[in-house]
Each structure stands twice: as C-alpha cells, then as structure tokens.
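The lines below spell out each chain.
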Amino acid sequence: SLAYYQLTQKIEETEGGWLVDVVGQGVQYQLRCRQIIDCTGSASVVDMLGLERMWSDVRQPGTQMVVFKGFDHEVIKENAALIQKMYDEAIKDGRLQKGDTWRGNAMAPIRGGSGSNHIFGADSSTAATQTQTNLAGRKHVLRMLKFMKTIPGGENATIDRMMNETASRETYRIVGEKTVTVNDYTSGRVFDDALSYSFYPIDLHDEHGVKPKPLSHGTVPTIPRGALIPKGSKNIMVAGRCLSSDRLANSAARVQASCMGMGQAAAVTAVLAARKKTSPANVALADIRQNLKAHNAVVPLV
C-alpha cells in the first residue's frame with residue numbers, strides 16, 4: 001500500500017514501512033503503508049522525518065497569475081510612451097512596487113500576459129507563509145487594477161481571471177542520493193538510473209526579471225532515481241520541484257511536465273518496492289522502465 005498526502009500530524013517508521021497520522025478539515029485517521037511519496041513541493045514530509053533539505057536565503061520571486069481586460073488598445077497604443085511614464089511615476093511615489101511588472105515594462109500585463117509580475121519573498125513551504133504570499137499577490141492585483149484605470153484606454157479595466165493562490169517557484173530541495181547540477185542538466189547527461197526527462201530551459205527569476213537560457217538543439221536532460229530519494233533514507237521518495245538539484249538546474253526541472261514525469265516514475269518505483277517488500281533504491285531499473293513504458297511513459301534511453 002502507498003500513502004499520498006499533504007497534511008500529516010505524525011509519521012513513525014515500522015518494520016514493514018510507515019505508520020502515518022493523517023489530518024485534514026474534519027478528518028483524522030491513521031494508516032499503515034509500505035512506501036511514501038512526498039509531493040508537497042517543499043519536501044515537508046522529508047523534514048518531518050529529520051532528513052536533510054537544502055534552502056537558499058535568496059530565492060526566486062513568485063508570480064500571481066492574473067489576466068486583465070477591458071482596454072481600448074488603439075488608445076493605449078497611441079499613448080504607450082505616456083503610460084510608461086505614468087508607470088514609472090507610480091513606482092516612485094509608491095502607488096506601485098518593483099516587481100509589479102517584469103523589468104518595469106508597463107505594457108506587459110496590458111497586452112494580456114498572465115504572469116508578468118514578481119512577488120518577492122514568495123514562500124509556500126508552510127500554511128502561514130503561503131497565506132502571506134497570497135496576500136502579497138492580491139495586493140499586487142489591486143495596485144495594478146487601480147493604476148490601469150488611470151491610464152488612457154484603461155478606464156474600463158477589470159479582472160478577466162486569476163489564480164486562487166500566488167505561485168512560489170522555489171522553496172526547499174532534498175539532499176538526495178544523487179544531485180542534478182546545472183552542468184548535468186544543460187549537457188543532457190543521461191544518468192545510469194534515469195527514469196524521466198526534463199526539457200525546460202534554465203529559468204532563474206530574480207529582482208531584475210528573467211533571462212531564460214535555452215538548451216542546445218537536441219539536448220534533453222534526464223532525472224535520475226537517486227535525485228528522488230532522500231540521502232540515507234528507505235521507503236520514501238519525492239516527486240516534483242523538491243528533487244535533489246542545484247538552484248539553476250532546479251529553475252528548469254521545477255515545471256509541470258517535468259514534475260509529471262517524476263511523479264509517474266516515483267509512483268511506479270514505489271509500487272514495485274511495496275510489492276517486493278524492498279526499498280525504492282533496490283528495485284531493478286529494468287523493471288521500473290518496463291512498467292513505465294507499459295503505461296505510455298516517455299522513458300530515457302540508457
């Protein structure tokens with residue numbers, strides 16, 4: 001049996017796996033399982049077990065995904081220079097804040113960009129920090145909406161759609177049996193225990209914006225099993241952006257398609273480990289890859 005969860009109160013190691021107290025709103029129960037997959041994004045379960053995580057004091061800013069509408073684009077086009085001047089003045093007098101648009105480009109959100117902002121200090125590693133991150137994201141939306149209603153052609157601006165939560169790009173990463181470095185990633189290194197692919201360019205956001213570094217043509221990075229196993233652990237894996245990697249490699253491997261590949265690889269590995277009553281590191285790689293292929297996963301050629 002497997003345990004997939006995000007809210008836990010207590011985890012105890014047992015002879016055959018784990019004893020987990022699971023809590024939620026109006027829900028509290030205990031279960032036994034052979035394997036755990038930590039998909040919390042911040043390796044929260046790994047931390048509960050006292051296993052090592054990596055944290056950087058300088059983290060990538062988050063983003064509040066939001067789309068504004070209601071603009072008279074002809075009027076805006078005619079007044080683009082004035083609008084940029086108005087934006088710069090709003091930054092100076094505090095009505096807007098640095099990061100309300102990438103690189104201070106006033107036109108980015110007006111043109112329909114959904115993620116053209118940076119929320120500095122974004123942190124989703126706890127409920128408290130996620131709440132503060134969400135508040136910062138909503139304040140950003142309110143500032144921008146108020147500003148847009150003052151520009152020529154923006155008098156009828158409104159919100160078309162926005163995400164419920166402000167996204168964080170970076171929190172904790174595990175210290176794994178293997179660590180994917182930026183050189184591993186950009187060279188397309190094929191690890192001997194590779195289980196899935198990644199594809200995204202190096203994409204480190206900072207206070208100045210973001211300058212993606214595309215991969216060379218034909219370069220496809222791989223994600224090894226060892227980067228999904230906390231160092232010195234047994235019967236637990238992670239999947240998602242908390243894989244063992246340096247910051248630059250993580251800036252690319254953190255995206256959704258790569259996380260989906262890791263999730264499928266970890267799930268298959270954990271199932272086989274549970275059936276064989278062993279730990280994920282001891283499952284034959286050939287068996288994992290065979291099962292992944294049987295379920296239409298894209299498996300690295302090793």
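Placed above this text is the structure.
Attention in this report is confined to the structure presented alongside it.

Rules used throughout
- Residues numbered from 1 in each chain as written.
- Predicted model: local features only at pLDDT ≥ 70, side-chain atom pairs only at ≥ 80, totals over all residues.
- Heavy atoms only, no water.
- Core = buried A, V, L, I, M, F, W, Y, C linked by side-chain atoms within 4.5 Å.
- Buried < 20%, exposed > 50% of the residue type's maximum accessible area, 1.4 Å probe, protein only.
- Helix = DSSP H or I, 4+ residues; strand = E, 2+ residues; numbered from the N terminus.
- Contact = heavy atoms within 4.5 Å.
- Phe/Tyr/Trp six-rings, centres within 6.5 Å; stacked < 30°, edge-to-face > 60°.
- Lys NZ or Arg CZ within 6 Å of the ring centre and 35° of its normal.
- Polar contact = N/O pair within 3.5 Å; in protein donor to acceptor, adjacent residues only side chain to side chain.
- Expected span 1.5 Å × (residues − 1).
- Axes fitted to C-alpha atoms, helices over the stretch in contact; angles between N-to-C directions.
- Parallel < 35°, antiparallel > 145°, perpendicular 65-115°, else oblique.
- Left-handed = near helix turned anticlockwise from the far one by under 90°.
- Nonpolar A, V, L, I, M, F, W, Y, C, P; charged D, E, K, R; others polar.
- Patch = residues over 30% accessible without salt bridge, like charges linked within 9 Å, V, L, I, M, F, W, Y side chains within 5 Å.
- Areas by Shrake-Rupley, 256 points an atom, 1.4 Å probe, with all protein chains shown as cover.
- Salt bridge = Lys/Arg side-chain N within 4 Å of Asp/Glu carboxyl O.
- Lys, Arg positive; Asp, Glu negative; His and termini not counted.
- Charge placed at Lys NZ, Arg CZ, Asp CG, Glu CD.
- Disulfide = S-S within 2.5 Å.

### Some thoughts on the nonpolar core
Line of reasoning, step 1. Counting residues in hydrophobic clusters, the biggest one holds 22 residues, and the most contacted among them are Val180, Tyr185, Ile223, Leu228, Leu243 and Met262.
Line of reasoning, step 2. It is helix H8 (residues 256-276) that provides the largest number of residues to this core, a total of 4 residues.
Line of reasoning, step 3. In contact with valine 180, other than residues within four places in its own chain, are Tyr185, Phe191, Pro224, Ala227, Leu243, Ser244, Ser245, Asp246 and Ala249.
Line of reasoning, step 4. The next biggest cluster of nonpolar side chains, apart from the first, holds 19 residues, and it includes Ile83, Leu96, Val141 and Ile151.

### Quick notes on the packing of aromatic side chains
Aromatic ring pairs: the centre-centre distance and the angle between the two ring planes describe each pair.
Line of reasoning, step 1. In total, this model carries 3 aromatic pairs according to the counting rule given.
Line of reasoning, step 2. Plain terms: the ring middles of tyrosine 87 and phenylalanine 147 are 5.9 Å apart, the flat faces sit at 80° to each other, and that makes the pair edge-to-face. Pair noted here: tyrosine 87 is in helix H3 (residues 80-93) and phenylalanine 147 is in helix H5 (residues 127-148), with a separation of 60 residues, a long-range link. When sorted by exposure, tyrosine 87 lands in the same class as phenylalanine 147, which is buried.
Line of reasoning, step 3. The cationic tip of arginine 53 hangs over the ring face of tyrosine 172; the distance from NZ or CZ to the ring centre is 3.5 Å.

### Comments concerning the environment of lysine 178
Line of reasoning, step 1. Structurally, the position occupied by lysine 178 is in the loop between strand S9 (173-174) and helix H6 (182-187).
Line of reasoning, step 2. Overall, lysine 178 belongs to the partly exposed group, its relative accessible area being 25%.
Line of reasoning, step 3. Each C-alpha atom, one on lysine 178 and one on glycine 153, is 54 Å from the other, the two residues being 25 residues apart in sequence.
Line of reasoning, step 4. Polar side-chain contacts of lysine 178 include one of 2.6 Å to the side chain of aspartate 192.
Line of reasoning, step 5. For lysine 178, the side chain forms a polar contact with the side chain of aspartate 193, separated by 2.9 Å.

### Some thoughts on H8
Line of reasoning, step 1. For H8, with 21 residues, the first-to-last C-alpha span of 30 Å sits near the 30 Å given by 1.5 Å per residue.
Line of reasoning, step 2. Among all positions of H8, only Ser258, Cys259, Met262, Ala265, Ala266, Val268, Thr269, Ala270, Leu272, Ala273 and Ala274 are buried.
Line of reasoning, step 3. Just downstream of H8 lies lysine 277, where phi reads positive at about 55°.

### Regarding the packing of H8 against helix H9 (residues 285-294)
Line of reasoning, step 1. Between H8 and H9, whose axes approach to 10 Å, the crossing angle comes to 125°. Here H8 is positioned oblique relative to H9, judged by the angle of their axes. For the crossing formed where H8 meets H9, the hand is right-handed. Between H8 and H9, the residues in contact are Gln264, Ala265, Val268, Thr269, Leu272 and Lys276 and Asp287, Ile288, Asn291 and Leu292, respectively.
Line of reasoning, step 2. Residue composition of the contact of H8 with H9, by class: 5 nonpolar, 3 polar and 2 charged.

### Some points on a negative patch on the surface
Line of reasoning, step 1. On the surface, a cluster of negative charge is made up of Asp72, Glu74, Glu78 and Glu155.
Line of reasoning, step 2. Here glutamate 155 shows up in the loop between H5 and strand S8 (158-162).

### Thoughts on the environment of leucine 51
Line of reasoning, step 1. With respect to the helices and strands, the residue leucine 51 is situated in the loop between helix H1 (44-48) and strand S6 (53-54).
Line of reasoning, step 2. Separated by 94 residues in sequence, leucine 51 and leucine 145 place their C-alpha atoms 44 Å apart.
Line of reasoning, step 3. Sequence-distant contacts of leucine 51, that is, excluding residues within four places in its chain, are made with Val46, Pro230, Lys231, Ser233 and Ile236.

### Section: the pattern of salt bridges
Line of reasoning, step 1. Tallied over the entire structure, the rule returns 14 salt bridges.
Line of reasoning, step 2. A salt bridge links aspartate 193 to lysine 178; its shortest N-O distance comes to 2.9 Å. Here lysine 178 lies in the loop between S9 and H6 and aspartate 193 lies in the loop between H6 and strand S10 (194-197), a separation of 15 residues in the sequence.
Line of reasoning, step 3. For the salt bridge of arginine 189 with aspartate 184, the shortest nitrogen-to-oxygen distance reads 3.1 Å.
Line of reasoning, step 4. By relative accessible area, arginine 189 is classed as partly exposed at 40%.
Line of reasoning, step 5. Through salt bridges with shared partners, a single ionic network connects Lys69, Asp160 and Arg161.

### Digging into the state of the cysteines
Line of reasoning, step 1. Per the stated rule, a full pass over the model turns up 0 disulfides.
Line of reasoning, step 2. Of all cysteine sulfurs in the structure, the one in cysteine 39 sits closest to cysteine 242, which takes part in no disulfide; the separation is 7.6 Å.
Line of reasoning, step 3. By relative accessible area, cysteine 242 is classed as buried at 0%.

### Some remarks on the side chain of serine 245
Line of reasoning, step 1. With respect to the helices and strands, the residue serine 245 is situated in the loop between strand S14 (236-238) and helix H7 (247-253).
Line of reasoning, step 2. With sequence-adjacent residues up to four places away left out, serine 245 is seen in contact with Met54, Arg173, Thr179, Val180 and Asn250.

### Details of the side chain of arginine 254
Line of reasoning, step 1. Among the structural elements, arginine 254 can be located in the loop between H7 and H8.
Line of reasoning, step 2. A polar side-chain atom of arginine 254 sits 2.9 Å from a polar atom in the side chain of aspartate 203.
Line of reasoning, step 3. If sequence neighbours within four positions are ignored, arginine 254 has contacts with Gln60, Arg169, Asp203, His205, Arg241 and Cys259.

This is a description of form; function is not addressed.
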